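# Chains, contacts and geometry: an overview
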Amino acid sequence: MKEITASEFEAEVVKGGKVLLDFYSTECPPCEAIAPKLEGLEKLFGEEVKFMKIFRQGNRDLSDKLAVKGSPTLLFLEDGKEVCGRLSGGVKRSEVVRELRHLMDKKDIQTIMDSVEPTVTHTDVAILGAGPGGLTAGLYLCQAKIDTTLIDIALPGGNVSTTHMVSNYPGFIDPQPGYLLSHNMSEQTKKCGTTYKVAVDVTQVDLDKKEIVIDEFETIKAKKIIIATGTSPNRIGIPGELEYKGNGISYCATCDAKYFHDKEVVVIGGGNSAIEEADFISKFASKITIIHQFDKLQANKVAQEKAFNNPKIEFKFEHEPRAFKKEGDKMVVEVEDLKTKKVETLKIDGIFVFTGQKPNLDLFDNALDLDQWGYIKTNEDMETNIEGVYAVGDVGSKKYRQITTAIADGTIAAIAITKEIDN
Ligand SMILES: Cc1cc2nc3c(=O)[nH]c(=O)nc-3n(C[C@H](O)[C@H](O)[C@H](O)COP(=O)(O)OP(=O)(O)OC[C@H]3O[C@@H](n4cnc5c(N)ncnc54)[C@H](O)[C@@H]3O)c2cc1C
């Protein structure tokens, strides 16, 4: 991709016709993740659209002028004018292709995409999921000189990357920001030499054949597969939840608490996540009402004490939300008192939901043995009922789901595989 500077912007972009411009930075994992995808797309669409990149820190005045606030940020321009929204963060190849339709005829894009030759890549071990479990397995395998490919639909880090502070991960005297802990885990595994394919679409997985298709054209054939896809937040399943998700309802305090400075919010749940994240939200919000279905909290005692001593936090025990609504700028929660059956209405600014997690298994056929809660059963080597397929971390059947237990699983699976693969 051609690299330009601010002084060339006028000639190359403003007078340059159709341009995709990537504002990138150094030491930026999402920039590294998008770079090979853009190079591949340039080969396909380079005759119609000019693919260019510009170093954000080295061209700060232009970045500020164009209000580019993060890296990477992809701008789609025609004669210097942006033709659609920007893409930033963990950008997928499919998202870039989708936005190119603003610069090219949709049919032409499809014709080009249809002409893409499928490719096949071979690896010893393919790991699905780059949270603590997958990253640890990747690290051990890489250090054992086993060719390993780590695949994630998002950027590496898993649930830890969106946790505000982690205070129970050994080796650190003070609590660590979750994003930093997961960043360090990921960089350690990457530095060892593990191949990363992140922010990709995982379109097909055949566990028997050990084949994974990503971005619709690349098939990764492995000798072993480790499933480390973790969990996603449970939805409550009441009216308004889907409608206002991301628009008044959040599942991530680290991501969204900052938008509720001096505002009132409701937190739903009473386990560790709900109580610890409510404490974090209280740094911003003026009042937090915790709605919990039971008569006491399930969080650990330290977190409970902190919450009970926090003057901004109030509790509604034995209550359940029945519907979420919106009135102007305000969110409305209809809450039922489980004892009296009376329904009251709370008008607040935002809602955070922390009502547990469910395993990410949508991609797999039903050949995997699951426990009664839908988590993958394994033996003591973390191998599933399908030979050569392992499951580690939160996606596996176990009693306690923590970072330390996920990395323990990753360690066990990697060592077991190392003993089986003879390189
Ligand atoms: C709000 C919150 C706070 C927490 N706080 C703590 C704490 O303080 N201390 C602690 O020890 N634990 C904490 N936990 C638990 C901890 O985060 C998990 O136990 C740990 O992250 C599990 O790691 P994992 O690798 O199994 O899965 P995850 O961290 O869930 O990572 C799974 C990865 O798989 C990817 N993925 C999903 N589907 C696919 C697919 N189809 N193909 C490819 N990739 C896929 C995801 O994008 C993700 O990157 C917290 C959890 C939450 C939700």
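First, a word on scope: everything that follows refers to the structure included in this document. (Residues numbered from 1 in each chain as written. Predicted model: local features only at pLDDT ≥ 70, side-chain atom pairs only at ≥ 80, totals over all residues.)

### Side note on the overall build of the protein
Under the convention used in this document: Secondary structure is summarised from DSSP: a helix means a run of H or I of at least four residues, a strand means a run of E of at least two, and numbering begins at the N terminus for each. The globule rule is 2.2 Å times the number of residues to the power 0.38, and the radius of gyration it is compared with is taken over C-alpha atoms. The burial criterion counts other C-beta atoms lying within 10 Å of a residue's C-beta, which is placed from the backbone; the residue is buried at 20 or more, exposed at 12 or fewer, and partly exposed between these limits. By definition, residues are in contact whenever their C-beta atoms, placed on the basis of the backbone, come within 7 Å of each other.
A count of helices and strands for the protein gives 12 helices and 25 strands. For a compact globule of 423 residues, the expected C-alpha radius of gyration is about 22 Å, and the protein comes in at 24 Å, within 12% of that figure. Expressed along its principal axes, the backbone C-alpha trace of the protein runs to roughly 70 × 55 × 45 Å. A total of 423 residues make up the protein; the buried ones form 40% of that total. Taking the intrachain contacts of the protein between residues at least 6 apart in sequence as the baseline, contacts between residues at least 24 apart amount to 65%.

### Points about the sheet that holds strand β17 (residues 264–268)
As a reminder of what qualifies: Any two strands with at least two DSSP bridges between them are considered paired.
The strand order β16-β23-β17-β18-β19 describes an open sheet built from five strands, whose pairing is parallel. Only two strands of the sheet have a single partner each, and these edge strands are β16 (249–250) and β19 (313–317). One ladder, built from five bridges, connects β17 with strand β18 (residues 287–292); its direction is parallel. Across the sheet, the residue bridging to V267 is I290, located in β18.

### Remarks on the nonpolar core
The condition is simple: What we call a nonpolar core is a set of buried Ala, Val, Leu, Ile, Met, Phe, Trp, Tyr and Cys residues whose membership is set by joining through C-beta atoms within 7 Å. An automatic or database domain assignment provides the domain bounds reported here.
Grouped together as the largest cluster of nonpolar side chains are 75 residues, with contacts concentrated most on I226 and I227. Broken down by element, this core gets its largest block of residues, seven residues, from helix α12 (residues 403–420). Summarising the domain contributions, this core has at least three residues from each of domain 1 (2–114) and domain 2 (119–232 + 357–422). Beyond its immediate sequence surroundings of up to four residues, I227 is in contact with L128, G129, I376, V389, Y390, A391 and V395. Among the nonpolar cores identified, the runner-up in size contains 30 residues, and V265, I268, V335 and I351 belong to it.

### Digging into the packing of helix α6 (residues 132–143) against helix α7 (residues 178–192)
So the rule is basically this: The axes are straight lines fitted to the C-alpha atoms, using for helices just the contacting stretch, and the angles between their N-to-C directions are given from 0 to 180°. By definition in this entry, angles of less than 35 degrees are roughly parallel, angles greater than 145 are roughly antiparallel, angles of 65 to 115 are roughly perpendicular, and the rest are oblique. Note on convention: near helix rotated counterclockwise from far helix by under a right angle means a left-handed crossing. Clockwise means right-handed. In this classification, the charged set is Asp, Glu, Lys and Arg, the nonpolar set is Ala, Val, Leu, Ile, Met, Phe, Trp, Tyr, Cys and Pro, and all remaining amino acids, among them Gly, are polar.
Remark: α6 packs on α7, axes separated minimally by 9 Å, with the N-to-C direction vectors making an angle of 25 degrees. When the axes of α6 and α7 are compared, the pair comes out roughly parallel. In this structure, the crossing between α6 and α7 has a hand that is left-handed. From α6, P132, L135, G138, L139, C142 and Q143 reach across to α7, where they touch M185, S186, Q188, T189 and C192. Of the residues contributing to the contact of α6 with α7, the split by class is six nonpolar, five polar and no charged.

### Thoughts on the site of the ligand
The condition is simple: Each residue gets a C-beta atom placed from its backbone. If that atom is within 6 Å of a molecule or strand, the residue is near it.
Residues in contact with the ligand amount to 34 residues; listed here are only the nearest, G129, G131, G158, G230 and G393. Contributing elements (two or more residues each) for the shell around the ligand: α6, β8 (148–152), α10 (272–281) and α12. Here the shell around the ligand is composed, by residue class, of 14 nonpolar, 16 polar and four charged.

### Focus: the pairing of strand β3 (residues 50–55)
Stated formally: Whether a crossover is right-handed comes down to one check: with the strands pointing away from the viewer, does the path from the first strand over the helix to the second run clockwise; if it does, it is right-handed.
Bridge count for strand β1 (residues 2–4) against β3 is three bridges, and the pairing is parallel. Paired with I4 across the bridge in β3 is I54. Read from strand β2 (residues 18–24) through helix α2 (residues 29–45) to β3, the crossover connection turns out right-handed.

### Re the sheet that holds strand β22 (residues 343–348)
Taking strand neighbours across the sheet as the criterion, the three strands line up as β20-β21-β22 in an open arrangement whose pairing is antiparallel. Every interior strand has two partners, whereas the edge strands, β20 (319–327) and β22, have only one. Averaged over all pairs of adjacent strands, the angle between strand axes in this sheet comes to 25 degrees, irrespective of strand direction. As paired strands, β20 and strand β21 (residues 330–337) are joined by eight bridges and run antiparallel to one another. When the bridges of β21 are listed, H319 appears paired with D337.

### Considering α10
Summarising burial for α10: eight of the 10 residues are buried, a large majority. Looking at α10, one finds that the buried residues are S273, A274, I275, E276, E277, A278, D279 and I281.

### Let's talk about the pairing of β17
Counting buried residues in β17 gives four out of five residues, a clear majority hidden from the surface. What joins β17 to β18 is α10, and the crossover it makes is right-handed. With four bridges joining them, β17 and strand β23 (residues 350–353) adopt parallel strand pairing. Residue V267 lies in a different strand from β23, and its bridge partner there is F352.

### A look at unusual backbone geometry
Cis geometry marks the peptide bond from S71 to P72; its omega dihedral reads -5 degrees. For P72, the position within the fold is in the loop between α3 (60–65) and β4 (73–78). A positive phi angle is found at K210, which is not glycine, with a value near 60 degrees. Positionally, K210 belongs in the loop between β12 (202–206) and β13 (211–214). At M382, a residue that is not glycine, the phi angle is positive and equals roughly 75 degrees. The topology assignment puts M382 in the loop between β24 (357–359) and β25 (389–391). In this structure M382 comes out as buried when scored by C-beta crowding, with 28 C-beta atoms within 10 Å.

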